[in-house]
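Observations on the three-dimensional arrangement
One-letter residues, chain by chain:
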Amino acid sequence: MEAVILVYGSGGLTGEGGLSDAFGGAAIYKNDETGMCFFGIWGARNAAKFKVDLETKLNITVVKETPPARLSRWSKSKLRPKSTGLAGTRS
């Protein structure tokens, strides 16, 4: 969690604001026994960029696996563009 905040900044209830701004949303996982929190994002491209950012800026190795915690909450900061109804049509 601290590594993510160092790269993306903080904000939000648990510090996920910078990550959410960078990727359009974030997931927060919490281990109820230890109290540790973990951040996550979704999407293959987002995950690849997230991994590269953390590994190059902090010289750490990111492991792709489910955190030892439950999904506590998620946020979405960007809305998808509204459909115009014109997809697949030609003028």
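Up top is the structure.
Keep in mind the model is a prediction, meaning the values are calculated, not measured. (Residues numbered from 1 in each chain as written. Predicted model: local features only at pLDDT ≥ 70, side-chain atom pairs only at ≥ 80, totals over all residues. Heavy atoms only, no water.)

Time to look at the nonpolar core. In this structure, Val4, Val7, Tyr8, Leu19, Phe23, Ala26, Ile28, Phe39, Ile41, Phe50 and Leu54 together form the largest nonpolar core, which totals eleven residues. For this core, the element with the most residues is helix α1 (residues 2-8), which contributes three residues. (Core = buried A, V, L, I, M, F, W, Y, C linked by side-chain atoms within 4.5 Å. Buried < 20%, exposed > 50% of the residue type's maximum accessible area, 1.4 Å probe, protein only. Helix = DSSP H or I, 4+ residues; strand = E, 2+ residues; numbered from the N terminus.)

Before going further, it helps to spend a moment on the sheet that holds strand β2 (residues 37-40). Reading across from one edge, β2-β1-β3 is the order of the three strands in this open sheet, with antiparallel pairing throughout. Lying at the two open borders of the sheet, with one neighbouring strand each, are β2 and β3 (70-76). The average undirected angle you get between the axes of adjacent strands in this sheet is 20 degrees. The pairing of strand β1 (residues 25-30) with β3 spans six bridges and is classified as antiparallel. Considered in β3, the bridge of Lys30 is made with Arg70. (Pairing = 2+ DSSP bridges. Axes fitted to C-alpha atoms, helices over the stretch in contact; angles between N-to-C directions.)

The subject of this paragraph is the side chain of Asn31. For Asn31, the location among the structural elements is in the loop between β1 and β2. We classify Asn31 as buried; its relative accessible area is 16%. Polar contacts involving the side chain of Asn31 include one to the main-chain amide nitrogen of Glu33, which spans 2.9 Å. Reaching out from Asn31, the side chain makes a polar contact with the backbone oxygen of Pro68 at a distance of 2.7 Å. (Polar contact = N/O pair within 3.5 Å; in protein donor to acceptor, adjacent residues only side chain to side chain.)

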